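Coordinate analysis (summary)
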Amino acid sequence: SVAGMSELLNQVTLDGVVLGEGGLGVPEEGMRRTSITTSTFDASRGGFAGGMVSMQTARGNNRRGGSFSYRLDSDALQSTAAATTNAFSRHQFSGSYGGPIITNKLFYNTSLQFSRNTNHRFALSFNDPLAGQRSGVAPDSIGRFLDVLEQVYRVPAFNQTGAYDQVTDDIRLQGRVDWNILQDRSRSQTLSVRFNTNVNTQDSTRISQLDLMQRGGEAERNNILASATLNSRFRNNWTNALQLSFSESWNQSLP
């Protein structure tokens, strides 16, 4: 919140392109600079009335190089985890690499990130006293409920209770090409083309502690962003930026 206003008034940009409400996941290694501007109203920046987060992606240069990282996190690694804390494990691999296609003229940079977040949860279970304690329901009540399902309504509950894994996968890809079209003392032109895609999938969704695993489903979120920017300078007093962008996002849920 900026100046007490709603966070919906904030604005997030990636290389000058405004990201929509669906957002866009970007690789950590592919980011080079992030700045935050707060204002009650700024007409020069499109009239946003909150805070603006401006992110700049990494670009290539005449030297080839990159960086890669791997991160592991788990509740088993926490020294103060409580017994009622949901168990989890998280893996994340990210990397970026760039260099010249034509020295001093054409450059590229690519980056990626893959993360897997596994939550070790449980569905309604009569045989697990700890699960019943967590859900706040007496074990005999759970047993009666399962008996009614199977004997009266003929709904099988076999393999639909107990421990299960809720897995969330997130894939982020990013590519950028920069072309120095013209460069002299009085004129310059640079063309930058970028592409981003983000796919997030989750299985065993919407299952609470008092549900059977049959109630869950799968969810998927997809985002694509492509943009091209032409920056020009004429003599010492005139500059121009021409930008074209295309973005698309879609969600789907399978019950």
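Residues numbered from 1 in each chain as written. Predicted model: local features only at pLDDT ≥ 70, side-chain atom pairs only at ≥ 80, totals over all residues. Heavy atoms only, no water.

Points about the pattern of salt bridges
Counting across every chain of the model gives 10 salt bridges. Among the ionic pairs, R116 bridges to D169, the shortest N-O distance being 2.7 Å. One end of the pair, R116, is in strand β7 (residues 106-123); the other, D169, is in strand β8 (residues 162-183), with 53 residues separating them in the sequence. Owing to a relative accessible area of 16%, D169 belongs among the buried residues under this scheme. Of the charged contacts in the structure, one is a salt bridge between R176 and D178, with a shortest N-O distance of 2.9 Å. We note that R176, like D178, is buried. Salt bridges linked by common partners bring D15, R176, D178 and R194 together as one network. (Salt bridge = Lys/Arg side-chain N within 4 Å of Asp/Glu carboxyl O. Helix = DSSP H or I, 4+ residues; strand = E, 2+ residues; numbered from the N terminus. Buried < 20%, exposed > 50% of the residue type's maximum accessible area, 1.4 Å probe, protein only.)

Some details on the packing of aromatic side chains
Overall, the coordinates contain 1 aromatic pair when judged by the stated rule. Ring geometry for F68 against F93: centres 6.2 Å apart, planes inclined by 15°, an arrangement best described as stacked. Taken together, the positions of F68 in strand β5 (residues 65-74) and F93 in strand β6 (residues 87-102) put the pair 25 residues apart, joining distant regions of the chain. Taking relative accessible area as the criterion, F68 reaches 55% and is therefore assigned exposed. In this structure, R90 packs its charged tip against the face of F88, placed 4.2 Å from the ring centre. (Phe/Tyr/Trp six-rings, centres within 6.5 Å; stacked < 30°, edge-to-face > 60°. Lys NZ or Arg CZ within 6 Å of the ring centre and 35° of its normal.)

Description of the environment of R64
Position of R64 relative to the elements: it lies in the loop between β4 (51-57) and β5. Sequence separation between R64 and P156 is 92 residues, and the spatial gap between their C-alpha atoms is 59 Å. If near-sequence neighbours (up to four positions away) are discounted, R64 is found in contact with Y97, G98, G99 and P100. (Contact = heavy atoms within 4.5 Å.)

Observations concerning the side chain of Q92
Within the secondary structure, Q92 sits in strand β6. One polar contact links Q92 to E28, side chain to side chain, over a distance of 3.4 Å. In contact with Q92, other than residues within four places in its own chain, are E28, S69, Y70, R71, Q113, F114 and S115. (Polar contact = N/O pair within 3.5 Å; in protein donor to acceptor, adjacent residues only side chain to side chain.)

Examining the environment of R176
Relative to the helices and strands, R176 is located in strand β8. In sequence terms R176 and P100 are 76 residues apart; their C-alpha atoms lie 12 Å from each other. Leave out the neighbours within four places in its chain, and R176 touches D15, T57, A58, R59, F107, Y108, N109, S192, V193 and R194. A polar contact of 2.9 Å, which involves the side chain of R176, links it to the side chain of D178.

Some thoughts on the sheet that holds β4
Spatial strand order, β2-β1-β4-β3: 4 strands in an open sheet with mixed pairing. At either margin of the open sheet sits one strand with a lone partner, and together these are β2 (17-18) and β3 (31-38). The pairing of strand β1 (residues 11-14) with β4 spans 4 bridges and is parallel. Its bridge partner lying in β4, V12 is registered against V53. (Pairing = 2+ DSSP bridges.)

Taken by themselves, the reported measurements are silent on function.
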